[in-house]
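What follows is the residue order along each chain.
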Amino acid sequence: GVPHERRNAAIAKVWEAVRRTLDDERGRWLLDAAHGSAQSELALTGAVDGNLVSVVIDRTFIDARGVRWIVDYKTSSHEGAGLDEFLDNERERYRAQLERYAQLMRALGDEPIRLGLYFPLLSGWREWAPGTMG
């Protein structure tokens with residue numbers, strides 16, 4: 001779905017995101033094959049607040065402590081100062097989306113859940129427990 005004139009730029013952005021993820025300790029942790037129940041691009045459909053919803057979760061797994069992680073990748077970029085504020089704003093922007101993912105995942109297991117946003121182009125990370133502010 002990328003227009004021909006923008007393909008080279010899109011390909012370069014994807015390669016940069018992959019390189020940065022593999023160079024980043026958090027990125028490598030997210031992709032670690034040793035995690036239990038690890039899945040990428042997990043499609044789920046279920047009821048949330050009385051509505052039927054279908055979602056695709058970028059990455060989910062259970063870590064060594066028994067915590068279920070639900071992670072969404074964001075290819076946002078940010079220039080200049082204020083990176084922490086930008087990441088905090090993005091967490092608020094996507095909070096409802098990830099909380100909906102958590103509601104659907106609860107039907108599949110009773111492990112504690114943590115939510116995360118990973119920004120590979122920024123090596124940025126925000127995490128929280130569903131229903132909390134931080």
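Right above here is the structure, for reference.
Residues numbered from 1 in each chain as written. Predicted model: local features only at pLDDT ≥ 70, side-chain atom pairs only at ≥ 80, totals over all residues. Heavy atoms only, no water.

## Considerations on the side chain of R126
Definition in use: Helix numbering and strand numbering both begin at the N terminus, where a helix is a DSSP run of H or I of at least 4 residues and a strand a DSSP run of E of at least 2. Counted as a polar contact is a pair of N or O atoms within 3.5 Å, where, for protein atoms, one must be capable of donating a hydrogen and the other of accepting one, and residues adjacent in sequence contribute only when both atoms are in side chains. Contacts are residue-level and defined by heavy atoms, with any inter-residue pair within 4.5 Å sufficient.
Its location among the elements puts R126 in strand β5 (residues 124-128). Within the local environment of R126, its side chain forms a polar contact with the side chain of D84, the two groups lying 3.2 Å apart. Excluding its chain neighbours within four sequence positions, the residues that come into contact with R126 are D84, L87, D88, R91, L115, G116 and L117.

## Digging into unusual backbone geometry
Convention followed: A 1.4 Å probe rolled over the protein chains alone gives each residue an accessible area, and that area as a share of the maximum for its type sets the label: buried under 20%, exposed over 50%, partly exposed in between.
The backbone of E41 sits at a positive phi, close to 55 degrees, despite the residue not being glycine. Mapped onto the elements, E41 comes out in strand β1 (residues 36-48). Phi is positive for D49, which is not a glycine, with a value near 55 degrees. Within the secondary structure, D49 is located in the loop between β1 and β2 (51-62). What makes D49 exposed here is its relative accessible area of 66%.

## Some remarks on the environment of D72
Here D72 lies in strand β3 (residues 68-73). We classify D72 as buried; its relative accessible area is 3%. Between the C-alpha atom of D72 and that of T60, which follows or precedes it by twelve residues, the distance is 8.9 Å. Not counting chain neighbours up to four residues away, the residues in contact with D72 comprise D58, Q97, L98, Y101, G116, L117 and Y118.

## Considering the nonpolar core
Note the threshold: Here, nonpolar core means buried Ala, Val, Leu, Ile, Met, Phe, Trp, Tyr and Cys residues that are tied together by side-chain atoms lying within 4.5 Å of each other.
In this structure, L44, I57, I70, L98, M105 and L115 are the most contacted members of the largest nonpolar core, which totals 21 residues. Looking at this core element by element, the count peaks at eight residues for helix α3 (residues 83-105). Here I70 is in contact with I57, R59, T60, L98, Y101, A102, M105, I113, R114, L115 and G116, once residues within four sequence places are set aside.

## What to know about a nonpolar patch on the surface
Worth spelling out the cut-off: A residue counts toward a patch only above 30% relative accessible area and without a salt bridge, and it is joined to like-charged neighbours within 9 Å or, for Val, Leu, Ile, Met, Phe, Trp and Tyr, to nonpolar neighbours within 5 Å. Here the accessible surface of atoms and residues is derived via Shrake-Rupley with a 1.4 Å probe, and residues count as covered only by protein chains that are part of the display. Put simply, a salt bridge is a Lys or Arg side-chain nitrogen that is within 4 Å of an Asp or Glu carboxyl oxygen.
Taken together, the side chains of I11, V14, W15, V18, L22 and L31 define a hydrophobic patch exposed on the protein surface, amounting to about 600 Å² of accessible area. In terms of residue count, helix α1 (residues 7-23) provides more of the nonpolar patch than any other element does, five residues in total. By the secondary structure assignment, W15 is in helix α1.

## With respect to the pairing of strand β4 (residues 113-119)
Put simply, side chains in a regular strand alternate between the two faces of the sheet. Worth spelling out the cut-off: Criterion used throughout: strands pair if DSSP finds at least two bridges between them. With strands facing away from the observer, any crossover in which the path from the first strand over the helix to the second runs clockwise is taken as right-handed.
Where burial is concerned, most of β4 is hidden: six out of the seven residues are buried. Bridge count for β3 against β4 is six bridges, and the pairing is parallel. Paired with V71 across the two strands is G116, which belongs to β4. The β-α-β motif built from β3, the intervening α3 and the parallel element β4 has right-handed crossover chirality. Linking β4 back to β5 in an antiparallel pair, the connection comprises four residues, with S123 at a positive phi of about 50 degrees.

## Concerning the pairing of β3
Here β3 lies mainly inside the structure; five of its six residues are buried. In this sheet, β3 lies alongside β2 in antiparallel orientation, the contact comprising four bridges. Each residue of the ladder has a partner; that of I62, found in β3, is R68. Two successive antiparallel strands, β2 and β3, enclose a turn made up of five residues, where G66 displays a positive phi of approximately 85 degrees.

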